[in-house]
Amino acid sequence: MQLKTIWIWTARLFGLGVILAFAGAIAVTVYVIRVSADLPTYEALENYQPPVMSRVHAGDGKLIAEYAREHRVFVPRAGIPDYVIEAFISAEDKNFYNHNGLDVRGILRAMLANVKNKIQGRRLEGASTLTQQVAENFLLSTDQQFNAKVRKMVIAVRMEKVFSKDKILELYLNEIYLGNRSYGVAAAALNYFGKPLDALSLAQIAYLAALPKGPANYDPVRKKARAVARRNWVLGRMAANGYITQEMADEARSEDLQVTRRLSGATYLATEYFVEEVRRKLFAMYGEDQLYDGGLSIRTTLDTRLQLAARKALRTGLEAYDLRHGYRGAITQLENLDDWQTALAEVKASPDTDPGWRISVVLDTTPEAAKIGLLSGREGQIPLEALSWARKPLREAKLGPKIKQPSDVLHAGDVIYVEPIKDTPNDYNLRQIPTVNGAIIAMDPHTGRVLALVGGYSFQQSQFDRVVQAYRQIGSAFKPMVYAAALDLGYTPVSLVLDAPFVADGGNQTRFYKPSNYAEGRFYGLSTLRLGIEKSRNVMTVRLAQQIGMQPIVDIGVRTGIYDQLDPVLAMALGAGETTPWRMVGAYASLINGGKKIEPTILDRVQDRYGKTIYRYDQRDCSGCNLSTKNEAEELPVALVEPVLPDNRPQVLDPVTAYQITSIMEGVVQRGTATRLRAVGKTLAGKTGTTNDYKDAWFMGMSPDLVVSVYVGFDNPATLGRGEAGGRVAAPIARDFFIEALKDAPNAPFRIPEGVRLVRVNGRTGELARPGELGTILEAFRPGTEPKRGQQGVRLAIGKGVILGDKKKKDEDDALGGLY
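Residues numbered from 1 in each chain as written. Predicted model: local features only at pLDDT ≥ 70, side-chain atom pairs only at ≥ 80, totals over all residues. Heavy atoms only, no water.

(A) Just the pairing of strand β8 (residues 414–420), in detail. For β8, the tally of buried residues reaches five of seven residues, placing the bulk of the element in the interior. Where β8 meets strand β9 (residues 428–431), four bridges bridge the pair, whose relative direction is antiparallel. Across the sheet, the residue bridging to Y417 is R431, located in β9. (Buried < 20%, exposed > 50% of the residue type's maximum accessible area, 1.4 Å probe, protein only. Helix = DSSP H or I, 4+ residues; strand = E, 2+ residues; numbered from the N terminus. Pairing = 2+ DSSP bridges.)

Set out below in structure tokens:
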């Protein structure tokens, strides 16, 4: 009876256990279904594409920027070295090839270990497989709650059914965050060591495999000892698993852990304005997601050598101007100098100062020098003669009294910038960051490819890009277009226009419009068109504009792209309209490329993550570019004819007119307002520009294959100071740039189009030159318009023709106020 009772209760308990197990299974199934209801489907897993950063390369192939929310370079499994895979498997999931997404033995081992860890207050161990770590990326969560863990397990099992082991490894090694802005092993290899994956040493691979547990815990600089220890542990696991020999592990352990900073240094500082302009353009073209996650490969037009030269020239020019206009005062003041080195270290200096500049504090002044202390603890001095420029700035860019002793400028406690004086170790110059700003852009005038673009003194101090965003008056830099309109109407470079007082109706703005020349009160009488540009004569330019009418000038200004529209008033002939250096460089390109319209571009080509070209600047079809070099039937070489690409650039200037203006602007460099550029020693043309009250300074410079625009001015318009014209402020910047840009270029002349006849004339009067005459030049004429020998008197320009008259006739016309 007792045995029967035991059996009955045993059966009941077993039945209850079965029921409870069945109910538990149902509950677990329902729970798993509920928590995994919104998980990705098989199709979503198969079509998953990780976000990939877009990379920007210069025209010479150098990487200059990356755009990303997650810095990732996707590398397929075939491109990942075996040692990389073996290192991560050894460190993270040694049973990877033997489980179906869940390592049951690992889970049980971790559970037992965590009982002891919990009692001892240690960090709990995990048992996540590589597949489960990849699953976290699909969930977009690293939540460690129970529900999240179950969800990750479900995804892991699903992934093992959908993907091969190699595919899961590919996803893992491209997804895992490894610190230092690096998602995936390829990005980490670049960001930590500046190398592609296949160039890493075994020690470097092991270090990357040490990072998934917590990149911040193994920082190679701040926590180097821990990082090396973890790296060496990975090497030991690789040896224990048979992936490397013990000798290889020992050799790798002896290697020092050294990391490299990427996308830093002078080249990358120089490209900041350029790459930001690229980013804005791509954002407008493709949107945020494609730009930051789409893995675009962007080939730009930038020449990094010219970009460095442009930035250096602009900063040097702005600093030179700033030194002419006095010292604005200390960065801040230290109240107590007892522990000046500690106090100085707490001062926040401006970003992106010149490499040689140092922050320092004035410790004392004597009649001969100011004693300074540097952040390193070293002391030095600023001699009195090095402070001569530091006069007090006054209103309208004027200066206060001369410096007689250092205390006129500096006081104890002043925090300042200094720069070592060459060959005098303890002597320093006082420095300050300019408040004036500017821009420079250089472009190939035949293709429109922008080779250099610097939109200001420092991108880190101001992101406002003055190349494309600063609309400012251009002053006399517009004059070549006025004279081009006259040449189109039958004038010649030696046609005469009167430079004499001029008054016209001022319209609604003012009662009278009365322009003056740069040297106020001076007029030069009858002058050739060439002299009008070379010497930048304002009054004769306005008289010429009145004579030919403003409409032809407006048309050229719009056709060349300087303006979208232009009011047909005389002031516009002197550049009163506002535009940008970007537009100006495109317009001036037409003067040296045969009159063709050029649109500047910073992009050559854009490819998607698969290498398909989705944008190409040059849309011309080259039907003969892909011809085979062999006869397919006979396997013999065949003669190839160089393909001829169509020239689809719009014609906006007459080629002869364009060359005549270019020739005249060569005279600006040789004899006119930009003689500073003669120091370049190459064939150059150019035009200065200065606006009213010296608020804006411009220089447009050209060589046969390069066009440059330089602008200098204050962001809040104010006078640069009397005498600070384009020839003094902007032209030296262009000069310094051209010296570097053209140092290895041949000294070739500007290209002469058909329909031009070069005749030697007197450079001042424009009359046909006599044998042996001094001061002659070669002038460009349309055939039949050049001066004829034997003609006497002065050649006067009116309308579309000329009047040949004697001196008496000229005086009579002047008295009548004729239009010249």
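(B) Expanded view of the nonpolar core. Within the largest apolar cluster, 127 residues are counted, with the highest numbers of intra-cluster contacts made by Y588 and F737. In this structure, I80, I85, I155 and I205 belong to the second largest nonpolar core, which totals 53 residues. (Core = buried A, V, L, I, M, F, W, Y, C linked by side-chain atoms within 4.5 Å.)

(C) Molecular detail of helix α16 (residues 479–488). In terms of burial, α16 is a largely internal element, nine of the 10 residues being buried. The inward-facing, buried residues of α16 abut α17 (529–534), α18 (538–548), α19 (550–559), α20 (581–592), α21 (655–671) and β22 (685–690). Of the residues flanking the end of α16, it is G490, one or two places downstream, whose phi is positive at about 105°. (Contact = heavy atoms within 4.5 Å.)

(D) Local environment of the environment of L169. Considering the arrangement of structural elements, one finds L169 in helix α7 (residues 165–175). According to the relative accessible area criterion, L169 is buried, its value standing at 1%. Sequence spacing of L169 and V134 is 35 residues, and the spatial spacing of their C-alpha atoms is 8.9 Å. Discounting chain neighbours no more than four positions away, the residues touching L169 are I85, I89, F96, Y97 and L130.

(E) Region of interest: the pattern of salt bridges. According to the stated counting rule, one finds 40 salt bridges in the structure shown. A salt bridge links R69 to D289; the shortest N-O distance between them is 2.9 Å. Of the two residues, R69 is situated in the loop between β2 (63–67) and α3 (82–92) and D289 in helix α13 (residues 272–293); the sequence distance between them amounts to 220 residues. E786 is the salt-bridge partner of R757, the closest N and O atoms lying 2.6 Å from each other. Of this pair, R757 sits in strand β25 (residues 757–762) while E786 sits in the loop between β26 (776–781) and β27 (794–798), and the two are 29 residues apart along the sequence. Salt bridges linked by common partners bring E276, E277, R279, R280 and D465 together as one network. (Salt bridge = Lys/Arg side-chain N within 4 Å of Asp/Glu carboxyl O.)

(F) Molecular detail of the sheet that holds β22. The sheet built from five strands is open, its strands ordered β11-β10-β24-β23-β22 with antiparallel pairing. Each edge of the open sheet is held by one strand with a lone partner, namely β11 (450–454) and β22. On average, each strand axis in the sheet is inclined to that of its neighbour by 5°, with strand direction left out of account. Relative to strand β24 (residues 706–713), strand β23 (residues 696–703) is paired through eight bridges, and the arrangement is antiparallel. Residue pairing across strands places G701 opposite V708, the latter belonging to β24. Sheet contacts for helix α23 (residues 731–741): β10 (437–443), β23 and β24; angle to β24, the most-contacted strand, approximately 145°. (Axes fitted to C-alpha atoms, helices over the stretch in contact; angles between N-to-C directions.)

(G) Quick peek at helix α9 (residues 202–209). Within α9, eight of the eight residues are buried, which leaves it mostly tucked inside the rest of the structure. Those residues of α9 that sit buried are L202, A203, Q204, I205, A206, Y207, L208 and A209. Its buried side turned inward, α9 meets α3, α8 (185–193), α10 (224–240) and α11 (246–253).

(H) Examining the environment of P220 more closely. Assignment of secondary structure puts P220 in the loop between α9 and α10. Those residues in contact with P220 that sit more than four places away from it in its chain are Y192, Y207, A227, L257 and V259.

(I) Spotlight on the sheet that holds strand β3 (residues 297–300). Read from one edge of the open sheet, five strands run β2-β1-β3-β18-β19, paired in mixed fashion. On the outer flanks of this sheet lie β2 and β19 (613–616), each paired with one strand and no other. Between one strand axis and the next, the sheet turns by 15° as a mean value, whatever way the strands run.

(J) Representation of the packing of aromatic side chains in the model. Under the counting rule described, the total for this entry stands at 14 aromatic pairs. For the ring pair Y192 and F193, a centre distance of 6.3 Å and an interplane angle of 45° mean the geometry is tilted. On the accessibility criterion, Y192 (5% relative accessible area) is buried. Residues W698 and Y711 carry aromatic rings whose centres are separated by 5.3 Å and whose planes lie at 50° to one another, so their mutual orientation is tilted. Of the two residues, W698 sits in strand β23 while Y711 sits in strand β24, which places them 13 residues apart along the sequence. Sitting over the ring of F96, K165 keeps its end group 4.4 Å from the ring centre. For R537, the ring lying beneath its charged end belongs to Y524, and the centroid distance is 3.9 Å. (Phe/Tyr/Trp six-rings, centres within 6.5 Å; stacked < 30°, edge-to-face > 60°. Lys NZ or Arg CZ within 6 Å of the ring centre and 35° of its normal.)

(K) Expanded view of the layout of surface pockets. Its boundaries defined by the atoms lining it, the second largest pocket holds a volume of some 1100 Å³. Taken together, 39 residues form the lining of the second largest pocket, with Y518, N538, T690, T691 and N692 sitting closest to its centre. Looking at the lining of the second largest pocket, the elements that each hand over two or more residues are β22 and α22 (726–729). Broken down by element, the residue count for the lining of the second largest pocket peaks at three residues, all from β22. Taken together, the residues that form the lining of the second largest pocket break down as 10 nonpolar, 19 polar and 10 charged. (1 Å grid on protein atoms, 1.4 Å probe; cavity = no way out; pocket = protein on both sides within 12 Å on 5 of 7 lines; lining within 4 Å. Points joined across faces, edges and corners; volume = space filled by probe spheres on them. Nonpolar A, V, L, I, M, F, W, Y, C, P; charged D, E, K, R; others polar.)

(L) The packing of α8 against α9, seen in detail. Where α8 contacts α9, the axes come no closer than 11 Å and their chain directions differ by 115°. Of the two possible hands of crossing, α8 and α9 adopt the one that is right-handed. Together, V185, A188, A189, Y192 and F193 of α8 and Q204, Y207 and L208 of α9 make up the contact between the two elements. In terms of residue class, the contact of α8 with α9 is built from seven nonpolar, one polar and no charged. (Left-handed = near helix turned anticlockwise from the far one by under 90°.)

(M) How the structure looks around the packing of α3 against α10. Close contact between α3 and α10 brings their axes to 9 Å; oriented N to C, the two are set at 100°. Classified by the angle between their axes, α3 and α10 sit roughly perpendicular to one another. Of α10, the residues touching α3 (which contributes Y83, E86, A87, S90, A91 and E92) are R230, W233, V234, R237 and M238. Its residues assigned to classes, the contact of α3 with α10 comprises six nonpolar, one polar and four charged. (Parallel < 35°, antiparallel > 145°, perpendicular 65-115°, else oblique.)

Limitation: the analysis is restricted to geometry and does not speak to function.
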